[in-house]
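# Inside the fold
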Amino acid sequence: MKRILLLLSVLVPAVSALCQEIPAKEDTLTLKKEPSLAYTDEFLDTVNVKKKFIVNDYSLVGVHYGVSYSQTMFNPTRPQVFTFSPKYFGFSYTRYGKLFGYMPYFGMQIGVNWSRQGYKFKEDKETGITPTLEGATKAVIDVIEVPAVAIFHVDMLHFKVMADFGLYGGYRMNIRRYGENVDEAIRTSFADHDKRLEYGLKGGVGFGLVFDPVEFHVMGQLRYSWSSLYEPDYYSKYYYRFAYPLDVIVTAGVYFQLTKRSGKSRSALRKEAYESVYNPVKEEK
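All of the points below concern the structure found in this document.

Scoring rules and cut-offs
Every chain's residues receive numbers from 1 upward, in the order its sequence appears when written. Selection of residues for local features in this predicted model requires a pLDDT of at least 70, selection of side-chain atom pairs for listing and counting requires 80 or more, and totals for whole chains, interfaces and linings are taken over all residues. Side-chain calculation: all heavy atoms of the structure are included, whereas hydrogens and water are not. Think of it this way: any DSSP run of H or I at least four residues long counts as a helix, any run of E at least two long counts as a strand, and we number them from the N terminus. Any residue under 20% of the maximum accessible area for its type is buried, any over 50% is exposed, and the rest in between are partly exposed; the area is computed with a 1.4 Å probe on protein chains only. Polar contact is defined as a pair of N or O atoms within 3.5 Å, subject to the rule that within protein one atom must be able to donate a hydrogen and the other to accept it, and that residues adjacent in sequence are counted only when both atoms are side-chain atoms. Whether two residues touch is decided by their heavy atoms; if any such pair falls within 4.5 Å, the residues are in contact. Pairing of aromatic rings covers Phe, Tyr and the six-membered ring of Trp, with a centre-to-centre limit of 6.5 Å; geometry is then stacked below 30 degrees between planes, edge-to-face above 60, and tilted otherwise. Patches in this entry comprise residues that are over 30% relatively accessible and not in a salt bridge; like charges within 9 Å are linked, as are nonpolar side chains (Val, Leu, Ile, Met, Phe, Trp, Tyr) within 5 Å. With residues, only the protein chains shown are counted as cover, and all accessible areas are computed by Shrake-Rupley using a 1.4 Å probe. Whenever a carboxyl oxygen of Asp or Glu lies within 4 Å of a side-chain nitrogen of Lys or Arg, that contact is scored as a salt bridge. Grid points spaced at 1 Å over the protein atoms alone were grouped into cavities, where a 1.4 Å probe fits but cannot get out, and pockets, open sets with protein on both sides within 12 Å along at least five of seven lines, with lining residues defined by an atom within 4 Å of a point. Grid points are joined across faces, edges and corners, and a volume is the space filled by probe spheres set on the points. Amino acids outside the nonpolar list (Ala, Val, Leu, Ile, Met, Phe, Trp, Tyr, Cys, Pro) and the charged list (Asp, Glu, Lys, Arg) are all regarded as polar, and Gly is one of them.

## Description of the side chain of Gln257
Mapped onto the secondary structure, Gln257 falls in strand E8 (residues 242–257). The buried category is assigned to Gln257, whose relative accessible area is 12%. For Gln257, the side chain forms a polar contact with the side chain of Asp212, separated by 2.7 Å. Here the side chain of Gln257 touches Glu215 through a polar contact of 3.0 Å, side chain to side chain. Apart from residues lying up to four places away in sequence, Gln257 is in contact with Tyr58, Ser59, Leu60, Val210, Asp212, Pro213 and Glu215.

If you want it as structure tokens, here you go:
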């Protein structure tokens, strides 16, 4: 019995001293939340923050070149074939932003393009006659256009898909008519009844390869004019005639980002590092 009491007299003080040296769990959490020393900016810059691909509101400018296939929607109808033109070029400015402040899929684009439109008649199989207009079986018209379109885009790290739709306005600069029966006075000039103001709808789809800060875009677009080539009543005051150009356009272009497409600034990363150190989020087991 004396041995047991002697052993307890030695163990009890030792256990008590050991318990006093171990801090309580609440004290440990308090120390983590309220460190005695503030972290410097240099230290926060070294904190590893997990990065996530996020598309910013950004803008870019670019140039593009392409080809067009043109036809004109006549009323009354006339048999035609598409005319090919390898001259479509221009430049544009694009601004991407967030719809309603949180949907980063939209943007606006404006630009200036030089292009062509026109028509080429083919022989009518039933009559064996090739139609003419002002004696011409073919006409090519140079057009300056200014489009303003809305863009929908979905971005990945090095790839994006796009769709655009909007309006355009322009001016028919000059014309050249082809055919043996064309009056020489209007072969390379507009007639009094020809309309030179151009406007209509434009839209298409495409994709882009992205290597920040450079992007390469390929677009296929459809352009439909609301402005007839001539006054509808020039031939008859009783029977109106219309001719609305329709063009299929394929372009390729290179674009340069004016602002950062993705990623965060140094101050934003430092703020995330501060939050990760002072207010860490516990991972669920």
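## Section: the side chain of Ser92
As for its placement among the helices and strands, Ser92 is situated in strand E2 (residues 83–99). Residue class for Ser92 comes out buried when judged on its relative accessible area of 5%. When neighbours within four sequence positions are excluded, Ser92 is seen to be in contact with Leu60, Val61, Gly62, His64, Gln109, Ile110, Gly111 and Tyr255.

## Quick notes on the packing of aromatic side chains
Inspection of the entire model under this criterion finds 15 aromatic pairs. For the pair Tyr58 and Tyr96, a centre-to-centre distance of 5.0 Å together with 50° between the ring planes defines the contact as tilted. With Tyr58 in the loop between helix H3 (41–45) and strand E1 (59–75) and Tyr96 in strand E2, the pair connects residues that are 38 residues apart, well separated along the chain. The pair formed by Tyr58 and Tyr96 is uniform in burial state, with each residue classed as buried. Their ring planes at 20° and their centres at 5.5 Å tell us that Phe89 and Trp114 sit as a pair that is stacked. Highlighted residues: Phe89 in strand E2 and Trp114 in strand E3 (residues 103–120), separated in sequence by 25 residues. The class of Phe89 is partly exposed, set by a relative accessible area of 40%. Among the aromatic residues, those joined into a ring-pair cluster are Tyr224, Tyr240, Phe242 and Tyr244.

## Structural notes on the environment of Thr251
By the element assignment, Thr251 lies in strand E8. Separated by 34 residues in the primary sequence, Thr251 and His217 place their C-alpha atoms 8.1 Å from one another. The contact partners of Thr251, leaving out residues within four places of it in the chain, are His64, Tyr65, Gly66, Tyr88, His217, Val218 and Met219.

## Examining a nonpolar patch on the surface
Judged by side-chain polarity, Met73, Leu167, Tyr171, Met173, Leu197, Tyr199, Tyr224 and Trp226 come together as a nonpolar surface patch covering roughly 780 Å² of accessible area. For the nonpolar patch, the secondary-structure elements that each account for two or more residues are strand E5 (159–178) and strand E6 (197–211). When residues of the nonpolar patch are assigned to their parent elements, the largest contribution, three residues, is made by E5. On the accessibility criterion, Tyr199 (34% relative accessible area) is partly exposed.

## A look at empty space enclosed by the protein
Within this structure, the stated rule accounts for two cavities of 30 Å³ or more. Roughly 230 Å³ of internal volume is contained in the largest cavity. As for the largest cavity, its lining consists of 22 residues, of which His64, Gln109, Asp164, Gln221 and Tyr255 are closest to the centre. Considered class by class, the residues forming the lining of the largest cavity number 11 nonpolar, nine polar and two charged. Within this model, the second largest cavity holds a volume of roughly 80 Å³. Looking at the second largest cavity, the residues that line it are Tyr119, Leu133, Glu134, Ile141, Arg172, Ile175, Arg177, Phe190, Asp194, Lys195, Leu229 and Tyr230. For the lining of the second largest cavity, the leading source of residues is E5, giving three residues.

## Notes on the pattern of salt bridges
The final tally for this structure, using the stated rule, is 13 salt bridges. One salt bridge in this structure joins Lys98 and Asp57, with 3.1 Å as the shortest N-O distance. Taken as a pair, Lys98 in strand E2 and Asp57 in the loop between H3 and E1 lie far apart in primary sequence, 41 residues in all. A network of salt bridges, in which partner residues are shared, links Asp155, Lys160, Asp212, Glu215 and Arg261.

It is worth stressing that arrangement in space is one thing and function is another; only the former is reported here.
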